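# Tertiary structure, described
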Amino acid sequence: MRTKGRLSYTLAGNSNSFINCSGHPMTHNQTISRDLRKAGLKVTLPRLNILEILEGAEQHHMSAEDVYKALLKQGSDVGLATVYRVLTQFEAAGLVTRHHFDGGQAIFELDTGDNHDHIVCVKSGKVSEFKDELIEKRLSEIARELGYSLTDHKIILYGVYQGDDEAESSIS
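All of the points below concern the structure found in this document. Just so it is clear, the structure is predicted and the values come from calculations on it, not from any experiment.

What follows deals with the packing of helix α3 (residues 64–73) against helix α4 (residues 80–93). At a closest axis distance of 9 Å, the pairing of α3 and α4 adopts a crossing angle of 120°. Taken together, α3 and α4 sit at an angle that is classed as oblique. By crossing handedness, the relation of α3 to α4 is classed as right-handed. Here A64, E65, V67, Y68 and L71 of α3 lie close against α4, whose contacting residues are L80, V83, Y84 and L87. Here the contact of α3 with α4 is composed, by residue class, of eight nonpolar, no polar and one charged.

Before going further, it helps to spend a moment on the packing of aromatic side chains. Scanning the entire structure with this criterion turns up zero aromatic pairs. Sitting above the plane of the Y161 ring, K126 keeps its charged end 4.7 Å from the centroid.

Next up on the list: the side chain of E136. For E136, the location among the structural elements is in helix α5 (residues 133–145). Among buried Asp, Glu, Lys and Arg side chains, E136 stands out as unpaired, with K131 the closest opposite charge at 5.8 Å.

The subject of this paragraph is a nonpolar patch on the surface. There is a patch of nonpolar side chains on the surface, built from V122, I156, Y158 and V160 and spanning about 320 Å² of accessible area. As for its position among the elements, Y158 is in strand β10 (residues 156–159).

As a further point, take the layout of surface pockets. As a volume, the largest pocket reaches approximately 360 Å³. Of all the secondary-structure elements, those providing two or more residues to the lining of the largest pocket are β6 (96–100), β7 (106–110) and β8 (117–121). Of the residues assigned to the lining of the largest pocket, the class counts are four nonpolar, nine polar and seven charged.

What follows is about the sheet that holds strand β5 (residues 62–63). The sheet built from three strands is open, its strands ordered β5-β7-β6 with antiparallel pairing. Edge positions in the open sheet fall to β5 and β6, since each of these has one partner strand only. Pairing geometry for β5 and β7, over two bridges, is antiparallel. Across the sheet, S63 pairs through a bridge with I107, a residue of β7.

For soluble globular proteins, the rule of thumb is that nonpolar side chains tend to be buried together. Judged by nonpolar contacts, the single largest core of 23 residues is most densely connected at I50, L54, V67, V83, L87 and F90. Residue assignment for this core shows that the elements contributing at least two residues are α2 (45–56), α3, α4 and β7.

Each regular strand displays side chains that alternate between the two surfaces of the sheet. Within β7, five of the five residues are buried, which leaves it mostly tucked inside the rest of the structure. Taking every second residue as pointing to the same face, both faces of β7 are buried, with A106, F108 and L110 on one and I107 and E109 on the other. Looking at chain direction, β6 and β7 are connected through five bridges and run antiparallel. Considered in β7, the bridge of T97 is made with E109.

What follows is about the sheet that holds β10. Taken together, the three strands give an open sheet; going across it, the order is β9-β8-β10, and neighbouring strands pair in mixed fashion. Of all the strands in the sheet, just β9 (127–130) and β10 have a single pairing partner and so form its edges. The sheet shows a mean angle of 25° between the axes of neighbouring strands, direction not considered. Across four bridges, the pairing between β8 and β9 is antiparallel. By the bridge assignment, H118 is partnered in β9 with E129.

Parameters at a glance
- Residues numbered from 1 in each chain as written.
- Predicted model: local features only at pLDDT ≥ 70, side-chain atom pairs only at ≥ 80, totals over all residues.
- Heavy atoms only, no water.
- Axes fitted to C-alpha atoms, helices over the stretch in contact; angles between N-to-C directions.
- Helix = DSSP H or I, 4+ residues; strand = E, 2+ residues; numbered from the N terminus.
- Parallel < 35°, antiparallel > 145°, perpendicular 65-115°, else oblique.
- Left-handed = near helix turned anticlockwise from the far one by under 90°.
- Contact = heavy atoms within 4.5 Å.
- Nonpolar A, V, L, I, M, F, W, Y, C, P; charged D, E, K, R; others polar.
- Phe/Tyr/Trp six-rings, centres within 6.5 Å; stacked < 30°, edge-to-face > 60°.
- Lys NZ or Arg CZ within 6 Å of the ring centre and 35° of its normal.
- Buried < 20%, exposed > 50% of the residue type's maximum accessible area, 1.4 Å probe, protein only.
- Lys, Arg positive; Asp, Glu negative; His and termini not counted.
- Salt bridge = Lys/Arg side-chain N within 4 Å of Asp/Glu carboxyl O.
- Patch = residues over 30% accessible without salt bridge, like charges linked within 9 Å, V, L, I, M, F, W, Y side chains within 5 Å.
- Areas by Shrake-Rupley, 256 points an atom, 1.4 Å probe, with all protein chains shown as cover.
- 1 Å grid on protein atoms, 1.4 Å probe; cavity = no way out; pocket = protein on both sides within 12 Å on 5 of 7 lines; lining within 4 Å.
- Points joined across faces, edges and corners; volume = space filled by probe spheres on them.
- Pairing = 2+ DSSP bridges.
- Core = buried A, V, L, I, M, F, W, Y, C linked by side-chain atoms within 4.5 Å.

Worth remembering: the numbers are spatial, not functional.
Okay, structure coming up:
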């Protein structure tokens, strides 16, 4: 079973097949519908489409405009205001996390429940995730030395991306 924040499912033989808790096959849309209901949200076509885009995105961090452009490519007639509203509802329901990196627009990522940090390119806006156990350990040590029990943290590094795939991964 895989868990994405509040989202959970079991993949069957291929990546498009899902098994529900009763062991019966489910379509991807049925899985997304169940996840929306589980989060306390009514299942609507815009919510289904937006959650499907976020789950299927190669780029884990998407602005509302990125989601809107993906909807347009699918032939959806959902407006940008609806995208913002749905993303805000998803955030309130714990399905997505909103990030405001310095100098950039708000971006969203599915709440996978894992603790990771980010590095942001100051030129393109490209966002990469990283997790380092040494850093995690040191943060806990620092908190303990200062008399705290660490419950959460966010680390955002800023730099200039030196890789070749900058154009295709940048936040527009």
